[in-house]
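Fold and geometry: a report
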Amino acid sequence: FEAMLAQLPEDNSPGSHGGYNRDLFNAWIDANGDGCNTRAEVLKSETSSAISAHGTCTIDTGSWYSAYDGIWFTSAKDLDIDHFVPLKEAWVSGAWQWTGATRTAFGNDLGYAASLLAVSSSSNRSKSDNDPARWLPRNSDFYCDYAATWVAVKWRWNLSVDALERDALNRLLGPCS
């Protein structure tokens, strides 16, 4: 992952890429037409037990591990689906120049399981749109996976990093095997 990180382009003026609007990513669509939106698809794929649902595809219960906290949850209402690289971070890292279709694909990326993650609502809101230089999960046992996944998602989408972000990721990845 360190080699992948070294190859990511660097942009130290992310603030110059204005115009961000979450709606430009069209998140939580029903991409495959089965009646379940992206949130439900992630909940279904990440549960470690049978789920219960109501309506077309509203997930109620299951068993999910919030890696950011190191805590298990059984109620879907206690979870958010986190864009591992937040939408605003993606915007300032290159999505500002993407087509609408590419932004929608990023906002609903079920093609790489780590792009979207079921986590506690509180941890997702704490993270907000911060990168690893500005926020880390409470669960320090997840730091290596967090940094590696961050790099992998940025690599998958050819997104840039800024110098502080690159430094933080290098520090996190250093002790990882």
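The sections below set out a description of the structure shown in this document. Here the structure is a predicted model, which is why all the values come from computation and not from measurement. Each chain carries its own residue numbering, running from 1 in the direction its sequence is written. Per-residue local features are limited, in this predicted model, to residues with pLDDT of at least 70; the limit for side-chain atom pairs, both in listing and counting, is 80 or more; totals at the level of whole chains, interfaces and linings are taken over all residues. Side-chain figures throughout are based on the complete set of non-hydrogen atoms in the structure, without hydrogens or water.

For aspartate 69, the location among the structural elements is in the loop between strand S2 (58-66) and strand S3 (71-75). The definition of a polar contact used here is a pair of N or O atoms within 3.5 Å, where within protein one atom must be able to donate a hydrogen and the other to accept one, and adjacent residues in sequence count solely through side-chain atom pairs. Side-chain polar atoms of aspartate 69 contact the side chain of serine 66, separated by 2.4 Å. Residues in contact with aspartate 69, not counting those within four places in the same chain, are Ser120, Ser123, Arg138 and Asn139. Going along the chain from the N terminus, every DSSP run of H or I of four or more residues is numbered as a helix, and every run of E of two or more is numbered as a strand. Any two residues whose heavy atoms approach within 4.5 Å are treated as being in contact.

Once that is clear, we can look at the packing of helix H6 (residues 143-156) against helix H7 (residues 163-173). In contact at an axis separation of 8 Å, H6 and H7 are set at 135° when each is read in the N-to-C sense. As far as their axial angle goes, H7 and H6 are oblique. The hand of the H6/H7 crossing is left-handed. Here Tyr143, Cys144, Ala147, Ala148, Trp150, Val151 and Lys154 of H6 lie close against H7, whose contacting residues are Glu165, Leu169, Leu172 and Leu173. Note on residue classes: Ala, Val, Leu, Ile, Met, Phe, Trp, Tyr, Cys and Pro are nonpolar, Asp, Glu, Lys and Arg are charged, and everything else, Gly too, is polar. Among the residues forming the contact of H6 with H7, the class breakdown is nine nonpolar, no polar and two charged. Note on geometry: axes are C-alpha line fits, over the in-contact stretch for helices, and angles between N-to-C directions span 0 to 180 degrees. Angles are sorted into four bins: roughly parallel if under 35 degrees, roughly antiparallel if over 145, roughly perpendicular if 65 to 115, and oblique for all others. Each helix crossing is assigned a hand: it is left-handed if the near helix lies turned anticlockwise from the far helix by less than a right angle, otherwise right-handed if that turn is clockwise.

Here we take up the pairing of strand S5 (residues 116-120). Each residue gets one of three labels from its accessible area relative to the maximum for its type: buried under 20%, exposed over 50%, partly exposed in between, using a 1.4 Å probe on protein chains only. Of all the five residues making up S5, five are buried; the element is thus mostly covered by neighbouring parts of the structure. Where strand S4 (residues 79-83) lies against S5, five bridges are found, and the strand directions are antiparallel. Its bridge partner lying in S5, aspartate 80 is registered against valine 119. Strands pair, by our definition, only if DSSP identifies at least two bridges between them.

This paragraph deals with H6. A helix is expected to span 1.5 Å multiplied by its residue count minus one. End to end, H6 covers 20 Å across 14 residues, agreeing with the expected 20 Å (1.5 Å per residue, within 8%). Burial in H6 covers these residues: Tyr146, Ala147, Ala148, Thr149, Trp150, Val151, Ala152, Val153 and Lys154. Contact partners of the buried residues in H6: helix H1 (2-7), helix H3 (87-92), helix H4 (100-107), helix H5 (121-127) and H7. Phi for asparagine 158, located one or two positions after H6, is positive at around 55°.

Just to be clear on terms, a salt bridge is a Lys or Arg side-chain nitrogen sitting within 4 Å of an Asp or Glu carboxyl oxygen. Scanning the model with the defined rule gives twelve salt bridges in all. Put simply, arginine 138 and aspartate 69 hold a salt bridge, and the shortest N to O gap is 2.5 Å. Note that arginine 138 is positioned in the loop between H5 and H6 and aspartate 69 in the loop between S2 and S3, a separation of 69 residues in sequence. Under the relative-accessibility criterion, aspartate 69 is labelled buried at 12%. Taking the shortest distance from any N to any O, the salt bridge between aspartate 80 and arginine 125 comes out at 3.1 Å. Of this pair, aspartate 80 sits in strand S4 while arginine 125 sits in helix H5; the two residues are 45 residues apart in sequence, bridging distant segments of the chain. Bridged by salt links that share partners, the residues Asp34, Glu41 and Lys44 form one connected network.

The next subject is the pairing of S3. Here is the key point about a regular strand: its side chains alternate between the two faces of the sheet. The pairing of S2 with S3 spans four bridges and is classified as antiparallel. Within S3, the residue paired with serine 66 across the bridge is isoleucine 71. Hairpin geometry of S2 and S3 is characterised by an intervening segment of four residues between the two adjacent antiparallel strands and by a positive phi of about 75° at glycine 70.

Pairing of aromatic side chains here covers Phe, Tyr and the six-membered ring of Trp, requires ring centres within 6.5 Å, and sorts the geometry by plane angle: under 30 degrees stacked, over 60 edge-to-face, intermediate tilted. Under the counting rule described, the total for this entry stands at 16 aromatic pairs. Relative to phenylalanine 25, the ring of tyrosine 20 has its centre 6.3 Å away and its plane inclined at 50°; by these criteria the two rings are tilted. Linked through ring pairs, Tyr20, Phe25, Trp91, Trp98, Phe106 and Trp157 together constitute an aromatic cluster. In our convention, an over-ring charge means Lys NZ or Arg CZ found within 6 Å of a ring centre and within 35 degrees of that ring's normal. Above the face of the phenylalanine 84 ring, lysine 127 is positioned so that its terminal group lies 5.1 Å from the ring centre.

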